Amino acid sequence: MSTATKPNHIGRKISRIRELRDMKQEALAQALGTNQQAISAIENSETIDEEKLVEIAKALGVTPEAIKSFSDENMINYFNTFHHSQGNFQSNHCTFNPLDKVVELYERLVQSEKDKVEYLEKLLKGK
């Protein structure tokens, strides 16, 4: 008799996805209109009927296929790929020097203050 866990245990996959979504059993139960004990029973079940799987997937915000094909190894690979490809995204890098923008803003503020002073001096001279 093997002590290894079965790779296609749907209940465990549902449990892991729920945990990754930072959802408690009670929240999933509420979304499905059931109780926490029923969710616990589902998560301990090796198989689930397709109709119930569709409901659970919808409540978790994933597809039934995502639940069926879920594995921790695939998640690790996905996040590693995402992390390694981050350097390729231009949106994560400044295309300008932030200090240049600060200096530009400061110069505009100084000019604005000079314009105010000039305007106020004209008003005082007119009196």
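Here goes a summary of the coordinates provided. Here the structure is a predicted model, which means the values were calculated and not measured.

For the rest of this paragraph, the subject is unusual backbone geometry. The bulk of non-glycine residues show a negative phi, and the bulk of peptide bonds are trans. Phi is positive for aspartate 22, which is not a glycine, with a value near 55°. When you line up the elements, aspartate 22 lands in the loop between helix 1 (10-20) and helix 2 (25-32). Look at aspartate 22 and you get exposed, because its relative accessible area is 72%.

Glancing now at the nonpolar core. Ile14, Ile48, Ile56, Leu60 and Ile67 are the most contacted members of the largest nonpolar core, which totals 15 residues. Of all the secondary-structure elements, those providing two or more residues to this core are helix 1, helix 2, helix 3 (36-43) and helix 4 (50-60). Here this core takes four residues from helix 4, the largest share from any one element. Look past the residues within four positions of isoleucine 14 in its chain and what remains in contact with it is Leu28, Ile42, Glu43, Ile48, Leu53, Ile56, Leu60 and Ile67.

To continue, consider the pattern of salt bridges. Think of it this way: side chains of opposite charge can pair up when their charged atoms draw near. Applying the stated criterion across every chain, the model contains seven salt bridges. Measuring nitrogen to oxygen at the nearest pair gives 3.2 Å for the salt bridge that ties arginine 16 to glutamate 19. Of this pair, arginine 16 and glutamate 19 both sit in helix 1, three residues apart, which is roughly one turn of that helix. Residue glutamate 118 pairs with lysine 122 through a salt bridge whose shortest N-O separation is 3.9 Å. Of the two residues, glutamate 118 and lysine 122 are both situated in helix 7 (residues 98-126); the distance of four residues between them amounts to about one turn of the helix. What makes glutamate 118 partly exposed here is its relative accessible area of 44%. Assessed through its relative accessible area of 57%, lysine 122 is described here as exposed.

Calculation notes
Residues numbered from 1 in each chain as written. Predicted model: local features only at pLDDT ≥ 70, side-chain atom pairs only at ≥ 80, totals over all residues. Heavy atoms only, no water. Helix = DSSP H or I, 4+ residues; strand = E, 2+ residues; numbered from the N terminus. Buried < 20%, exposed > 50% of the residue type's maximum accessible area, 1.4 Å probe, protein only. Core = buried A, V, L, I, M, F, W, Y, C linked by side-chain atoms within 4.5 Å. Contact = heavy atoms within 4.5 Å. Salt bridge = Lys/Arg side-chain N within 4 Å of Asp/Glu carboxyl O.

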